[in-house]
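Residue strings, one per chain:
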Amino acid sequence: MFKTGLTSITFRKLSVSDVIGTAKEASLDGIEWGSDVHLPPGDTGLAEAIRRETEAAGLSCPSYGSYFRCDGESGDFLPYLETAVALGASVIRVWAGRNGSAEATSEYRREVVETLRNIVEIAAGKGVLIGLEYHGGTLTDTQSSAHQLLSEVGLPDLKLYWQPRKNSTANHNLNELEAALPYLSHLHAFHWGPGGFKDRLPFADGKDDWLHYLRLAAQAPGERYIHFEFTRGDSPKSLLEDAAALHDLMGKIR
């Protein structure tokens, strides 16, 4: 079962209230609040206030979008976990290190694995899952490396937070998504051209691909959010158009 959402980092320049208002206007179900601007780690009072305001608008806080890198340089994970708990988030999104799989040494990979194992165990004690974002420049930059991480950590509460690869074909993305189904947490939704992040296109232009992605992801048990991440021109108007296209797709897969 799918619900729709928005990452707050889509609108870093907007206030918390304006992000909530934009998500509500787009008829979305929830917001993934980010740790970089709107909700820094450790500010549990702010997390509780954001949770109240979000829920008062009829929206949920399913995940906390952290930029915890899961290595020795990342510092203490507890502030991230405490913030997620205060927010009511059941998933913390993290990045698997700061090196791509081809560049990372075996020692660095072990460091990331050990850190991940530690934070997954700590988070599980609070009923929170850890979601590894599929992202370039990290140890989830390939399917094989991402799944190797899952095996090396060896804990069921470590999940995959899927999104399409930059400059990848729909078939390749579908293959990666199919492999991720047993571990799937949430998804990031966007449609980019060959230029990637700087080449943002209307979500409606990618509807054919996304219809295949969502039909496949719907085979995974449980509930998950499809979170919009970034819009053309960082524009709330673009989000409304993209959300309308997603809602249209949702009607085709229910």
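Everything here concerns the structure above.
Criteria and thresholds
Residue positions are given per chain, counted from 1 along the sequence in the order it is written. Confidence filtering applies because this is a predicted model: local features only for residues at pLDDT of at least 70, side-chain atom pairs given and counted only at 80 or more, and all residues used for totals across whole chains, interfaces and linings. The side-chain values count all of the structure's non-hydrogen atoms but skip hydrogen atoms and water molecules. Lining residues are defined by having an atom within 4 Å of a point belonging to a cavity or pocket. Those points lie on a 1 Å grid over the protein atoms alone, cavities being sets where a 1.4 Å probe fits but cannot get out and pockets being open sets with protein on both sides within 12 Å along at least five of seven lines. Grid points are joined across faces, edges and corners, and a volume is the space filled by probe spheres set on the points. Polar here means any residue outside two lists: the nonpolar Ala, Val, Leu, Ile, Met, Phe, Trp, Tyr, Cys and Pro, and the charged Asp, Glu, Lys and Arg; Gly therefore counts as polar. Numbering of helices and strands runs from the N terminus; a helix is a DSSP stretch of H or I covering at least four residues, while a strand is a stretch of E covering at least two. Only heavy atoms enter the contact rule, under which two residues are in contact if any of them lie within 4.5 Å. Any pair of N or O atoms that falls within 3.5 Å is considered a polar contact. Within protein, one atom must be able to donate a hydrogen and the other to accept it, and sequence-neighbouring residues count only if both atoms are side-chain atoms. Whether a residue is buried, partly exposed or exposed follows from its accessible area with a 1.4 Å probe, protein chains only, as a fraction of its type maximum: under 20%, in between, or over 50%, in that order. Whenever a carboxyl oxygen of Asp or Glu lies within 4 Å of a side-chain nitrogen of Lys or Arg, that contact is scored as a salt bridge. We treat two strands as partners when DSSP finds at least two bridges between them. Throughout, an axis means a line fitted to C-alpha atoms (over the contacting stretch in the case of helices), and angles, computed between N-to-C directions, take values from 0 to 180 degrees.

**Q** Residues and numbers for the layout of surface pockets, please.
**A** Rolled over the atoms, a probe sized like a water molecule indicates the empty space that remains. The calculated volume of the largest pocket comes to roughly 370 Å³. In terms of lining, the largest pocket is formed by 19 residues, of which the most central are Tyr134, His135, Gly136, Gln163 and Trp192. Residues belonging to the lining of the largest pocket are distributed by class as follows: nine nonpolar, four polar and six charged. Roughly 220 Å³ of internal volume is contained in the second largest pocket. Together, 17 residues line the second largest pocket, and Pro164, Ser168, Asn173, His191 and Trp192 are the ones closest to its centre. When contributions to the lining of the second largest pocket are tallied by element, the ones reaching two or more residues are α6 (170-180) and α7 (207-217). Per-class residue counts for the lining of the second largest pocket are six nonpolar, eight polar and three charged.

**Q** Please provide a residue-by-residue account of the environment of Arg200, values included.
**A** Note on placement: Arg200 falls in the loop between β7 (184-189) and α7. Residues in contact with Arg200, not counting those within four places in the same chain, are His191, Trp192, Phe230, Thr231, Arg232 and Asp234. At 3.0 Å, the side chain of Arg200 and the backbone oxygen of Phe197 are in polar contact.

**Q** Mind laying out unusual backbone geometry, listing which residues take part and the relevant values?
**A** The backbone phi angle of Cys70 is positive, close to 60°, even though this residue is not glycine. Assignment of secondary structure puts Cys70 in the loop between β3 (63-65) and α3 (78-87). Exposure remark for Cys70: the relative accessible area of 0% places this residue in the buried category. Located in the positive-phi region is Phe230, a residue other than glycine, with phi close to 75°.

**Q** Tell me about the environment of Trp95, residues and numbers included.
**A** Mapped onto the fold, Trp95 is located in the loop between β4 (91-94) and α4 (106-124). Under the relative-accessibility criterion, Trp95 is labelled buried at 12%. A C-alpha to C-alpha distance of 18 Å links Trp95 and Gly42, two positions 53 residues apart in sequence. Apart from the residues within four sequence positions on either side, Trp95 is in contact with Tyr67, Phe68, Arg69, Cys70, Glu133, His135 and Thr138.

**Q** Describe the pattern of salt bridges, and please don't skip the residues or the numbers.
**A** Following the criterion strictly, the structure yields 16 salt bridges and no others. Between Glu107 and Arg110 there is a salt bridge; the shortest N-O distance is 3.9 Å. Here Glu107 and its partner Arg110 are both found in helix α4, three residues apart, which amounts to about one turn of the helix. Accessibility expressed as a relative area gives 46% for Arg110, which makes it partly exposed. Arg109 serves as the salt-bridge partner of Glu152, at 3.0 Å between the closest nitrogen and oxygen. With Glu152 in helix α5 (residues 143-153) and Arg109 in helix α4, this residue pair connects regions lying 43 residues apart in the sequence. Relative accessible area serves as the criterion here: at 28%, Glu152 is assigned to the partly exposed category. Exposure remark for Arg109: the relative accessible area of 11% places this residue in the buried category. Residues joined in a network through salt bridges with shared partners are Arg232, Lys237, Glu241 and Asp242.

**Q** So what about the sheet that holds strand β5 (residues 129-133)? Which residues, and what values?
**A** Within the closed barrel, the eight strands sit side by side as β1-β2-β3-β4-β5-β6-β7-β8. Their pairing is parallel. Between one strand and the next, the sheet's axes are offset by a mean angle of 30°, whatever the strand orientation. Relative to strand β2 (residues 30-34), strand β1 (residues 2-7) is paired through three bridges, and the arrangement is parallel. Bridge pairing in β2 links Thr7 to Glu32. Lying on the sheet, α3 is in contact with β2, β3 and β4; it crosses β3 at an angle near 140°.

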